[in-house]
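Examination of the molecular architecture
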2 protein chains.
Amino acid sequence: MSITRRAFMQNTAITGLGLGLTGQTKSLAQPVSKPKASKINVAILGSGLRGQSHIELLLKRDDCNIVAIAEPDKVMVERSKEIFSKQDASLPKFYSNGDQDYRNLIAKEDIDAAVIASPWRWHTEMAVACMQAKIFVGLEVCGGFSIDECWQLVNTYEATGTPLFFLENVCYRRDVMAILNMVRQNMFGELIHLEGGYQHDLRGVKFNDGVTPYNSGVEYGSKGFSEAKWRTQHSIKRDGDLYPTHGVGPVAQYININKGNRFLYLSSMSTKSRGLHNYIVNHEKGGANHPNAKLEFKLGDKVTTMIKCANGESIVLHHDTSLPRPYSLGFRVQGTKGLWMAVNKSLHIEGVSPSHRWEDAEPYLKKYDHPLWKRHEAKAVGAGHGGMDFFVLHAFVECAKKFENPPFDVYDAASWLAITPLSEQSVNMGSTSVPFPDFTRGRWIDTANTFAVSDEY
Amino acid sequence: MSITRRAFMQNTAITGLGLGLTGQTKSLAQPVSKPKASKINVAILGSGLRGQSHIELLLKRDDCNIVAIAEPDKVMVERSKEIFSKQDASLPKFYSNGDQDYRNLIAKEDIDAAVIASPWRWHTEMAVACMQAKIFVGLEVCGGFSIDECWQLVNTYEATGTPLFFLENVCYRRDVMAILNMVRQNMFGELIHLEGGYQHDLRGVKFNDGVTPYNSGVEYGSKGFSEAKWRTQHSIKRDGDLYPTHGVGPVAQYININKGNRFLYLSSMSTKSRGLHNYIVNHEKGGANHPNAKLEFKLGDKVTTMIKCANGESIVLHHDTSLPRPYSLGFRVQGTKGLWMAVNKSLHIEGVSPSHRWEDAEPYLKKYDHPLWKRHEAKAVGAGHGGMDFFVLHAFVECAKKFENPPFDVYDAASWLAITPLSEQSVNMGSTSVPFPDFTRGRWIDTANTFAVSDEY
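The notes below deal with the structure included here. Since the model is a prediction, treat every value here as computed from it, not as a measurement.

**Section: the packing of aromatic side chains**
By the definition in use, this model includes 44 aromatic pairs over all chains. Ring centres of Phe207 of chain A and Tyr279 of chain A lie 6.4 Å apart, and the angle between their planes is 35°; on these two criteria the pair is classed as tilted. Of the two residues, Phe207 of chain A is situated in the loop between helix 9 (203–206) and helix 10 (231–237) and Tyr279 of chain A in helix 12 (residues 275–282); the sequence distance between them amounts to 72 residues. The two residues Phe207 of chain A and Tyr279 of chain A agree in class, both being buried. Taking the centre distance of 4.8 Å and the plane angle of 50° together, the rings of Phe408 of chain B and Phe451 of chain B count as tilted. In this pair, Phe408 of chain B sits in the loop between helix 15 (388–402) and helix 16 (410–428) while Phe451 of chain B sits in the segment after strand 15 (434–435), placing the two residues 43 residues apart along the sequence.

**Brief notes about the interface of chain A and chain B**
Opposite the 55 residues of chain A that make contact, chain B presents 55 residues. Taking both sides of the interface into account, the surface hidden between chain A and chain B amounts to around 4,400 Å²; carbon and sulfur atoms contribute 59%. On the chain A side of the interface with chain B, the three residues burying the most area are Met269, Lys272 and Met306 of chain A, jointly 15% of the side's total. In this assembly, chain A and chain B are joined by ten salt bridges. Note that Arg332 of chain A and Asp320 of chain B form a salt bridge whose closest N and O atoms lie 3.0 Å from each other. Contributions of two or more residues to the side of chain A that touches chain B are made by strand 7 (191–199), strand 8 (263–270), strand 9 (303–309), strand 10 (314–320), strand 11 (332–335) and strand 12 (338–341) of chain A. Along the lines of polarity and charge, the residues of the side of chain A that touches chain B split into 15 nonpolar, 24 polar and 16 charged.

**What about the pairing of strand 4 (residues 113–116) of chain A?**
Residue and element names in this part refer to chain A. Burial along strand 4 is two-sided: Ala113 and Val115 facing one way and Ala114 and Ile116 facing the other are all buried. Where strand 4 and strand 5 (residues 136–139) come together, four bridges link them in parallel fashion. Paired with Ala114 across the two strands is Val137, which belongs to strand 5. With respect to chirality, the unit in which strand 4 leads through helix 6 (residues 123–132) into the neighbouring parallel strand 5 is right-handed.

**Topic: the relation of the copies chain A and chain B**
In this structure, two copies of a chain are linked by a rotation about an axis accompanied by a shift along it. Superposing chain A onto chain B takes a rotation of 180° plus a shift of 0.0 Å along the axis, which leaves an RMSD of 0.0 Å. Seen this way, the second copy is the image of the first under a two-fold rotation axis. The overlap is high: 100% of the interface residues of chain A also sit at the interface in chain B, so the same surface is used on both sides.

**Examining the pairing of strand 1 (residues 40–45) of chain B**
Looking down a regular strand, the side chains alternate between one sheet face and the other. All names here are of chain B. The buried fraction of strand 1 amounts to six of the six residues, a majority that puts the element mostly inside the structure. Bridging between strand 1 and strand 2 (residues 64–70) involves six bridges; their strand directions are parallel. Note on strand 2: the bridge partner recorded for Asn41 is Asn65. Where strand 1 meets strand 4 (residues 113–116), four bridges bridge the pair, whose relative direction is parallel. Looking at the pairing, Ile44 lines up with Val115 of strand 4.

**Regarding the packing of helix 5 (residues 101–108) of chain A against helix 6 of chain A**
Residue and element names in this part refer to chain A. Interhelical geometry of helix 5 versus helix 6 gives an angle of 15° and a closest axis separation of 10 Å. One way to sum up the angle between helix 5 and helix 6 is to call them roughly parallel. Between helix 5 and helix 6 lies a crossing whose hand is right-handed. Of the residues in helix 6, those touching helix 5 at Tyr102, Arg103 and Ile106 are Glu125, Met126, Ala129 and Cys130.

**Quick notes on the sheet that holds strand 1 (residues 40–45) of chain A**
Residues and elements named next belong to chain A. If you trace the six strands from one edge of the open sheet to the other, you get 3-2-1-4-5-6, paired in parallel fashion. Since the sheet does not close on itself, it has two edges, and those belong to strand 3 (93–95) and strand 6 (164–166), each with one partner. Pairs of neighbouring strands in the sheet enclose a mean axial angle of 25°, with direction left out of account. Packing against the sheet, helix 15 (residues 388–402) makes contact with strand 1, strand 2 (64–70), strand 4, strand 5 and strand 6, and its axis sits at approximately 165° to strand 5.

Thresholds, definitions, all that
- Residues numbered from 1 in each chain as written.
- Chains lettered and ligands numbered in written order.
- Predicted model: local features only at pLDDT ≥ 70, side-chain atom pairs only at ≥ 80, totals over all residues.
- Heavy atoms only, no water.
- Phe/Tyr/Trp six-rings, centres within 6.5 Å; stacked < 30°, edge-to-face > 60°.
- Helix = DSSP H or I, 4+ residues; strand = E, 2+ residues; numbered from the N terminus.
- Buried < 20%, exposed > 50% of the residue type's maximum accessible area, 1.4 Å probe, protein only.
- Contact = heavy atoms within 4.5 Å.
- Buried area = accessible area lost by both parts, 1.4 Å probe.
- Salt bridge = Lys/Arg side-chain N within 4 Å of Asp/Glu carboxyl O.
- Nonpolar A, V, L, I, M, F, W, Y, C, P; charged D, E, K, R; others polar.
- Pairing = 2+ DSSP bridges.
- Right-handed = clockwise from strand over helix to strand, strands pointing away.
- Least-squares fit on C-alpha atoms with pLDDT ≥ 70 in both.
- Axes fitted to C-alpha atoms, helices over the stretch in contact; angles between N-to-C directions.
- Parallel < 35°, antiparallel > 145°, perpendicular 65-115°, else oblique.
- Left-handed = near helix turned anticlockwise from the far one by under 90°.

Here you go:
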């Protein structure tokens, strides 16, 4: 199989290279056809804490070899190696000679699929490089920087025929999938309004002591560890919904975004910024005289985004990462027959629930448990984020083996990533509304949603 | 006292008349001074079901005489008379000779204060007429039609010195006031983001059988009864947040809108409209062949509005009245130290609540029960909407007796009413943001919030 891939790659390398940058595209809405593999060679681009979590899960599978890892940070390389040692797995080849060494990995290694779990800044160029090399891409989530970058992903896919799987794990959350099941059985009627978001107190993630990842100090950048090394800088420089996909991914499945529906425009509003500054000042290792007490953060503590969809629905996204609060993605799924809200774990369905009253959602979530969860529950136990990381990686590997279009593809990646730069624009222009490009070039009109239509993956 | 008022009125009638229409104003930010009355003459302008609820409460007081009622609907006149008979109270004089007969009431009767509870269309002109006649105004809530109308209210107040009390009862809801108490004790820190709204399934209010007010049929307009007679038409013709004040009133108190803070701009998004049509089609008295099945409703089933405030906060308002759902005003009060959410009856306060966990709000709501509720609880029992109607009318009467500025004054009325026309504009222009006028002409900067600063009213 690898020979097939390499031969194909050599044939397409010249036409594929740099297409994203010039904007020239071929009209390819399907991946190129390839024979199904029983086992694939996988690379990890970025083996920080998130990449390491993927390594652990992939090592449990008998249909993957992790053959190469690109990671410039020596501490993370050592931590990654330990995972292999603990599981008695043969060590992959490490490319850790700087940020660009992943290009050598792509050029030299025989790779079928790559998981990209690097800091956000690298996502697009790594994904483009992989697609050009015919390496099936699994791209970790984030928010985009520019609309151009989203088009690069689309254009490169259309030029190379290499699929990209956008690894939005929350689409596989058990309650999220049970609700999907209910939506598809028309329990909520025609959907009207949806909410989701990322409401997660990240203060102890964006700052630490440089050694321990969580809740350990007030350092960041070169003095920080893990995400504090790079993610914090985004809160200093940017204002908008920086992390929209955990909220919008599941919601997009409910209303078939890019599959019969699409985002039309959004408006975003941001608040003043207080949480991160207060965190530094009030922390026992910080204080008013700590150098970081002088930092000015652009990111408003709460960013709210409204998205209008072609089929007439509205979506509200909440971004709330700098204030003390319980974790909540804040889902709301509301249609002509009723609604579910995650925060009070309740739903109301007309003619079923007592009139004008909430019901506990739990019995419904059990009854409508998605077939995928029923089938694979045992394997998901222990996987990250309540098991959903198992499912997203499982689907990634199965799609990669067939080199087939994933449920969340490059068009979804582009549309979801685009929320961030559009949100930044809207916030900076006083919440004016800004339009989404149609990244599918009209194909959304007659494309079907393939996500979780069976119990396979 | 009445003689004093009449004498004053004659002195100011010429200058006051029509000032709202010409835009000429005097610079009066305080009501004219009048001696305190121990008992006042009250008129009811509009004694539909809402007006009748006010009559019942006012008849229980020994400091009010209801001397006149303007109500053109004979059915409502008869219902109103029954309330007086049941309570052995002397009947007021009724003005029911058409929509304009309230002007005769104002001209002929010796009235100190008026409660305006007519259909929305009459609110502003009735309020303007009362203010011009030096009648202390209690104005029921709704959304406005135009910014000009909001200025009329402000200009008339400034020209006449007659106070206007905007009767937003939800500001007096027990949990809302306990949270106000907590906000003022800095329990949530500096406030950052707030939510509220009107999420109330009104399908069975907007349509009925013409006799029974609720859940009785699919008729409206001339064939409907009570609110179905007139409110439904707004859902046919308008799209925007038609009823913002129950959500925004309490929130405005938390962040001192017009008292050190103000609304800067808003953006609104509306969805497709399905709920009211479906209700008619699926109702046992309706069906696909019922004439009202042909109605087209402009009002989107869910309207979301984001408001940016001068002190950097954001407010999200939910308007959701056409879909099956439990009643919920959806409050969220979030600051640098924690947040309260009404829908899950929970809060989180940093350093007090378990880290990253919700706590039941109930013990806090009890502990921080507002002094006003503690003092008057017994009297509030049985009053409408969980007792809060007692409080708003109590404050109205106490302020009217002193002819003093109420806690929710004409500037609040103008700002809150303005949300509706601004929301309609924003929705109709693709959720672009639209600015609020500063109805206070800069006075918001150094005005103090007087709402519920003691246990008096």
